[in-house]
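Here is what each chain is made of, one letter per residue.
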Amino acid sequence: MLTHGIRAAALAASLALAGCLGPGTPEEQLEAIQVLQAKNHPLTDKQTTGLEGHLAEGRAALAAGDKEKAGEAFAAALAILEIAEDTALFNKAD
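Below is a summary of the structure that appears in this document. (Residues numbered from 1 in each chain as written. Predicted model: local features only at pLDDT ≥ 70, side-chain atom pairs only at ≥ 80, totals over all residues. Heavy atoms only, no water.)

1. Describing the environment of Ala73
Working step 1: In this structure, Ala73 sits in helix H4 (residues 67-93).
Working step 2: Between the C-alpha atom of Ala73 and that of Arg59, which follows or precedes it by 14 residues, the distance is 8.7 Å.
Working step 3: If sequence neighbours within four positions are ignored, Ala73 has contacts with His54, Glu57 and Gly58. (Helix = DSSP H or I, 4+ residues; strand = E, 2+ residues; numbered from the N terminus. Contact = heavy atoms within 4.5 Å.)

2. Examining a negative patch on the surface
Working step 1: Among the surface-exposed residues, Glu57, Asp66, Glu68 and Glu72 lie close enough to one another that they form a single negatively charged patch.
Working step 2: Relative to the assigned elements, Glu57 resides in helix H3 (residues 45-64).
Working step 3: For Glu57, a relative accessible area of 36% corresponds to the partly exposed category. (Patch = residues over 30% accessible without salt bridge, like charges linked within 9 Å, V, L, I, M, F, W, Y side chains within 5 Å. Areas by Shrake-Rupley, 256 points an atom, 1.4 Å probe, with all protein chains shown as cover. Salt bridge = Lys/Arg side-chain N within 4 Å of Asp/Glu carboxyl O. Lys, Arg positive; Asp, Glu negative; His and termini not counted. Charge placed at Lys NZ, Arg CZ, Asp CG, Glu CD. Buried < 20%, exposed > 50% of the residue type's maximum accessible area, 1.4 Å probe, protein only.)

Read these as geometric descriptors, not functional statements.
Have a look at this one:
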């Protein structure tokens, strides 16, 4: 029981740090997305659909020169991939 609490706290701390120390520019975010995608963690259908939508929105905004909107879309895509990575890590630990 105690180990589940420790795991949950470690997961929360890693998510908080990832948010604070994440990539800054949309170009850096896109690079981080590509790195996480290369790890090929399993995604649910909902995550896959959301990821594809955010990536398309981010790339379109970046092409139009709207870095703020691109950054928001890429941040949402990164969040999906980070959750998938954390889930895969958690499932592997069990």
